[in-house]
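Next come the chains, spelled out residue by residue.
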Amino acid sequence: MESIPQDYYATLGLERGCTTAQIRAAYRSLAKRHHPDLHGDSAQMEALNAAHETLRDPARRRAYDQELSPNETSRPRSRIERNIAQDVTLRIEELLRGAHLDIRVRDPVHVSTEEYGLNIPAGTAPGARFRIPRDSGGVVNVRVRVAPHFRFKVRGSDLRCDLRIDARRATEGAHETIAGPLGNAIRVKVPPRIARGEVLRIAGEGLPKARGGRGDLLVRVTYRPEVRITRTRGS
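As the structure is a computational prediction, the values presented were derived from the model and not from experiment. (Residues numbered from 1 in each chain as written. Predicted model: local features only at pLDDT ≥ 70, side-chain atom pairs only at ≥ 80, totals over all residues. Heavy atoms only, no water.)

Q: Before we go on, may I ask you to explain the environment of alanine 185 in this structure?
A: Looking at the secondary structure, you find alanine 185 in strand β9 (residues 185–190). Accessibility expressed as a relative area gives 65% for alanine 185, which makes it exposed. Not counting the four nearest positions on each side in its chain, alanine 185 is found in contact with Thr177 and Ile178. (Helix = DSSP H or I, 4+ residues; strand = E, 2+ residues; numbered from the N terminus. Buried < 20%, exposed > 50% of the residue type's maximum accessible area, 1.4 Å probe, protein only. Contact = heavy atoms within 4.5 Å.)

This is the structure:
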């Protein structure tokens, strides 16, 4: 009996018409997820390596496609694999502490709704991506976005906020306390004669970074310019 070649496209969660860049991106994402040093999944890693080695090379890919095509009619068609992209919006504290989400996606072909659970680990960076296997085949590609915050503005992995002080403290310098993204107290040293609008950087108090660690908290000092200190001789 003629053996049917393994579907390397399905191994990487891709369609037959995918680009080389999509092959590279899918391999990197899945290799990180199934790396034996982290998960001990050596069999899955071997399958990913085989798929990547074959599909990334144009000549080998053409030969593989020719081998695959005659067997298409003999493959089971009970599941049609389709990938669906879905964005989710998380609050700052959910990125830092982690969260559990119920992901609802709509299959545009079958016009049906599917629901999946997704655990967001603590320390998830903005823009992180997760892959959820679909019951009907394929995956849901989930991308994480950050919800707007009433006090902090997001700039990559950094957070920006304002600190309002009076002109006297801006002139003389001071130690101020502000609430961090998790409500924790953060001490800010304001140097003497700081200019209005100057930004102070608090290292490691921002959002998680994709490769570990956290960004910075950028504190812009503001004060009312009409409040001035008048000094007289002998006072």
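Q: Sorry if this is basic, but what is going on with the packing of helix α4 (residues 42–55) against helix α5 (residues 58–68) here?
A: Think of two packed helices as two axes; the pair is described by the angle between the axes and how far apart they sit. Contact geometry for α4 and α5: axes closest at 6 Å, N-to-C directions at 105°. Relative to α5, the element α4 lies roughly perpendicular. In contact with Glu53, Thr54 and Leu55 of α4, α5 contributes Arg60, Arg61 and Tyr64. Here the residues of the contact of α4 with α5 sort into two nonpolar, one polar and three charged. (Axes fitted to C-alpha atoms, helices over the stretch in contact; angles between N-to-C directions. Parallel < 35°, antiparallel > 145°, perpendicular 65-115°, else oblique. Nonpolar A, V, L, I, M, F, W, Y, C, P; charged D, E, K, R; others polar.)

Q: Help me understand unusual backbone geometry in this model?
A: The phi angle of most residues is negative, glycine excepted, and most peptide bonds adopt the trans form. The phi torsion at arginine 193 lies on the positive side, around 60°, for a residue other than glycine. Counting through the fold element by element, arginine 193 comes out in the loop between β9 and β10 (199–202).

Q: How should I be thinking about the sheet that holds strand β7 (residues 158–164) in this particular structure?
A: Across the sheet, four strands lie side by side as β6-β7-β11-β10; this open sheet has mixed pairing. The outermost strands of the open sheet, each flanked by one partner alone, are β6 (153–155) and β10. This sheet shows a mean twist of 30° between the axes of neighbouring strands, independent of strand direction. As paired strands, β7 and strand β11 (residues 217–222) are joined by six bridges and run parallel to one another. Of the residues in β11, the one forming a bridge with cysteine 161 is valine 219. (Pairing = 2+ DSSP bridges.)

Q: Just checking my understanding: could you explain α5 for this structure?
A: Since the α-helix turns once every 3.6 residues, residues separated by three or four places project in the same direction. Along α5, the residues that are buried comprise Arg61, Tyr64, Asp65 and Leu68. On an axial view of α5, the arc spanned by its buried residues comes to 100°, and they lie on one face. Of the exposed residues in α5, those oriented more than 90 degrees away from the buried face are Arg62 and Gln66. (Arc of directions from axis to C-beta.)

Q: Can you help me understand the packing of aromatic side chains in this one?
A: The geometry of two aromatic rings is summed up by the distance between their centres and the angle between their planes. This model, assessed by the stated rule, comprises two aromatic pairs. Seen from their ring centres, tyrosine 8 and tyrosine 64 are 4.9 Å apart, and the 25° between their planes marks the pair as stacked. With tyrosine 8 in helix α1 (residues 8–11) and tyrosine 64 in helix α5, the pair connects residues that are 56 residues apart, well separated along the chain. Here tyrosine 8 and tyrosine 64 have matching classes, each one buried. Judged by its relative accessible area of 5%, tyrosine 64 is buried. Ring-pair connections join several aromatic residues into one group, and the members of that group are Tyr8, Tyr9 and Tyr64. (Phe/Tyr/Trp six-rings, centres within 6.5 Å; stacked < 30°, edge-to-face > 60°.)

Q: Where do I start with the pattern of salt bridges in this structure?
A: Side-chain pairing between opposite charges can occur once the charged atoms of the two side chains come close. Counted by the stated rule, this structure contains 13 salt bridges. Residue arginine 91 pairs with glutamate 93 through a salt bridge whose shortest N-O separation is 3.0 Å. Connected through salt bridges with shared partners, the residues Asp87, Arg143 and Arg145 form a single ionic network. (Salt bridge = Lys/Arg side-chain N within 4 Å of Asp/Glu carboxyl O.)

Q: Explain the layout of surface pockets here, please?
A: Empty space among the atoms can be located by rolling a probe the size of a water molecule over them. Looking at the largest pocket, its volume works out to about 1100 Å³. Around the largest pocket, the lining comprises 31 residues; the ones closest to its centre are Ser29, Ala128, Arg129, Phe130 and Arg131. Elements represented by at least two residues in the lining of the largest pocket include exactly α2 (20–34), α3 (36–39), β4 (129–133) and β5 (139–146). Among the elements that make up the lining of the largest pocket, the one with the highest residue count is α2 (nine residues). Class assignment of the residues belonging to the lining of the largest pocket gives a composition of 15 nonpolar, nine polar and seven charged. (1 Å grid on protein atoms, 1.4 Å probe; cavity = no way out; pocket = protein on both sides within 12 Å on 5 of 7 lines; lining within 4 Å. Points joined across faces, edges and corners; volume = space filled by probe spheres on them.)

Q: So what exactly am I meant to see when it comes to the nonpolar core here?
A: Nonpolar side chains tend toward joint burial in soluble globular proteins. Counting residues in hydrophobic clusters, the biggest one holds 37 residues, and the most contacted among them are Ile178, Leu217 and Val219. Not counting residues up to four positions away in its chain, the partners in contact with valine 219 are Cys161, Leu163, Ile178, Glu198, Val199, Leu200 and Ile202. Within the second largest apolar cluster, 16 residues are counted, among which are Tyr9, Leu14, Ala31 and Met45. (Core = buried A, V, L, I, M, F, W, Y, C linked by side-chain atoms within 4.5 Å.)

Q: Would you mind going over the environment of glycine 156 with me for this structure?
A: Positionally, glycine 156 belongs in the loop between β6 and β7. Residue glycine 156 is classed as exposed on the basis of its relative accessible area of 54%. When the C-alpha positions of glycine 156 and glycine 206 are compared, they lie 9.4 Å apart, and in sequence the two are 50 residues distant. Among residues more than four places away in sequence, those in contact with glycine 156 are Pro126 and Leu207.

Don't take any of this as a statement about function, it's just geometry.
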